[in-house]
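Spelled out from the first residue to the last, the chains are:
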Amino acid sequence: MHSFFFPLIQTALVAAGVATEKPIQIEQPSDKKFGDFSTNIALLAAKECRRNPRELAQDIIKHLQFQPDTVSKIEVAGAGFINFYLAPVFIMRSVEKVLENGDEFGKGCTGKGQKAVVEYVSANPTGPLTIGRGRGGVLGDCIANLLETQGYNVTREYYFNDAGRQMQILAESVQLRYLELCGRESEFPATHYQGEYIREIAETIYAEHNTALQESSDLSFFKKSAETTIFASIRKTLERVGIKHNSFFNEHTLYHADENGITANQRVIEALKAMNFIAEYDGATWFLTTKLGQEKDKVLIKSSGEPSYRLPDIAYHVTKFERDFEMIVNVFGADHIDEYPDVLEALRILGYDTSRIKIAINQFVTTTVDGQTLKMSTRKGNADLLDDLIDDVGADATRLFFIMRGKDSHLNFDVDLAKKQSKENPVFYLQYAHARICSLLRMALQETGFDPATCKEYHLLQLLSSPAELQLGFALLNFPDMVKASLRLLEPQKMVEYLHSLAELFHRFYQECPILKAESDICKARLFLSVATRQVLQNGFRILGVSAPQSM
RNA sequence: GUGCCCGUAGCUCAAUGGAUAGAGCAUCAGCCUUCUAAGCUGAGGGUUACUGGUUCGAGUCCAGUCGGGCGCACCA
């Protein structure tokens, strides 16, 4: 709707002789009595025009040109707001568009087919996925969905590392457990992976090889075995909650020499060296972040000769530019918050346009079971597992709960609430609205023969004029703007809230307006409104990755 | 100590710098011989942690204070 009002207001400003640099803001007042849309342009421009804002607003609306079948009323209110009231006919005509566009309603083309990459999950295969990772995973998946609706060509990427020290420790952990099974008692170091899954992997190895490997000093078999098993479990878990990837980027490729015998990591070092941001001291190679005002330099190559995680991180992001991504979204947890500023600085120094990079950081998750809040502990083997949560509350509740709070807020995941089959549980509240419409339409087909697939008398919608009907219709035409806002803020939570309010408006309409018992044309019109609501619910659910049940 | 996030109704959370700060849950009062009551209607409940500042206007922006979370490795 922004694109609808914007040019008209701009024209009116020119016609009224108002010259202002201030942006035209169009908002939806919180209270319906202030109209369906409103602009504060008169307030913003008043000062530079040296005029009273209310008078200025009066002047502007004199020059606003609207057809009476789109805007029914324009008025000046408060300190100088200009409020617009949409004509009922216009709202209902918009509902027709929902029906005509179907699955496509809400999609846009701002992406223009540009390449976008969203990186999410990116957990190394050292253990099963935790609940904390799950939140970021769902967030990333929804952001990727949002980008796709806006016409981006999206790569959903998982960046992982199957080399390095953590994998070494993993391999040692499995080996130690294996040796225990072979009857060799040893002290299991506290630094190693304590989880039960390590024993299970060791048991599998023992079952296949018995004690044959106990004299082997080669860890690679244990590493490979652990990696394969764990990665399979991670991917299975991701699949269960509908978190999809179509690209797995192995950090190891950054260590491979190209045709000139140089690795991606080395290229980064050379490039930064050319910009005088590299120094060697204490046996290591450093990124001179002190030159950028930071307190300490950062190690890129350790004195052992191995790159620290920072170097491949930079090299990895260079590949995102080399792969021509116009939009680069990184999703990660708050524990990695210190990671990205260095990467961004390095990329900036190397001449890349870092404004293409958007960072979405999600805060942590605690779970509440039986009213008791459990704190997550990492790497101790007693971390909350995403798989257990899915077993407990199902995939839909898992997804929706992860994104129904702002990503910047700590999430308190109430497991008991997520299991409840009632209005208290927002998952059921949303899905119930959809199921209720499906049920209604089944009944309609049975009793009146109404079939939305064949009956296309959408113009009947214009017969509807009650507040409940108009508010529902208005909410429907807002959907495309809500999709755009969710994407702009990288915040699927906006979509959850919108769908919740849509469900609420439908339930009210359903309560107040008899549908099947209404006179024939009104009945059809109300069924069309219901079908349109179901369509928007489905389109929204698809973005969130939540199922739309036909009955409950 | 320091960087980032958070502090809003009893609880969980909303509010692109806008108008009287909103939902849900919980509490209380109503609505099913009628399309799914897994629903709807209404009521009560607030010094937006605190103190200053910026401006037509601040929960929102800035500074400081107090609380809570997460980081601060030659781990990732």
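Heads up: these notes are all about the structure in this document. Predicted model, so just to flag it, every value in this text is computed and none were measured.

1. A word on the pairing of strand β4 (residues 81–86)
Side-chain positions along a regular strand alternate between the two faces of the sheet. Most of β4 sits inside the fold, with five of its six residues counted as buried. In this structure, strand β2 (residues 37–39) lies alongside β4, joined through three bridges in antiparallel fashion. Its bridge partner being in β4, Thr39 is matched across the sheet by Ile82. Sheet topology note: the strand β3 (residues 71–77)/β4 ladder contains six bridges and is antiparallel. What sits directly across from Val76, in β4, is Ile82.

2. Structural notes on the nonpolar core
In globular proteins that are soluble, nonpolar side chains generally tend to be buried together. Phe5, Leu86, Leu147, Phe413 and Leu544 are the most contacted members of the largest nonpolar core, which totals 146 residues. When residues in this core are grouped by element, the largest group, 12 residues, is from helix α19 (residues 520–544). Excluding its chain neighbours within four sequence positions, the residues that come into contact with Leu86 are Met1, Phe5, Asp36, Phe37, Thr70, Val71, Ser72, Ile91, Phe474 and Leu477. Formed by 26 residues, the second largest nonpolar core is a distinct cluster that contains Val268, Leu272, Phe287 and Leu300.

3. Focus: the environment of Ile131
Looking at the element boundaries, Ile131 is found in helix α5 (residues 131–149). Taking relative accessible area as the criterion, Ile131 reaches 3% and is therefore assigned buried. Note: C-alpha distance between Ile131 and Leu385 (254 residues apart in sequence) is 5.5 Å.

4. Details of helix α8 (residues 220–240)
Between its first and last C-alpha, α8 extends 30 Å over 21 residues, near the 30 Å set by a 1.5 Å rise per residue. Every buried residue of α8 is listed here: Phe222, Ser225, Ala226, Glu227, Ile230, Phe231, Ile234, Thr237 and Leu238. Gly242 lies just past α8 and shows a positive phi near 70°.

5. Some words on helix α7 (residues 196–209)
The first and last C-alpha atoms of α7 sit 20 Å apart over 14 residues, in line with the 20 Å expected at 1.5 Å per residue. All of the buried residues in α7 are Tyr197, Ile198, Ile201, Ala202 and Ile205. Looking straight down α7, one finds its buried side chains confined to an arc of 145°; they lie on one side. Against the buried residues of α7 lie α6 (164–181) and α8. Backbone geometry just downstream of α7 places Asn210 in the positive-phi region, at approximately 50°.

Rules and cut-offs
Residues numbered from 1 in each chain as written. Chains lettered and ligands numbered in written order. Predicted model: local features only at pLDDT ≥ 70, side-chain atom pairs only at ≥ 80, totals over all residues. Heavy atoms only, no water. Buried < 20%, exposed > 50% of the residue type's maximum accessible area, 1.4 Å probe, protein only. Helix = DSSP H or I, 4+ residues; strand = E, 2+ residues; numbered from the N terminus. Pairing = 2+ DSSP bridges. Core = buried A, V, L, I, M, F, W, Y, C linked by side-chain atoms within 4.5 Å. Contact = heavy atoms within 4.5 Å. Expected span 1.5 Å × (residues − 1). Arc of directions from axis to C-beta.

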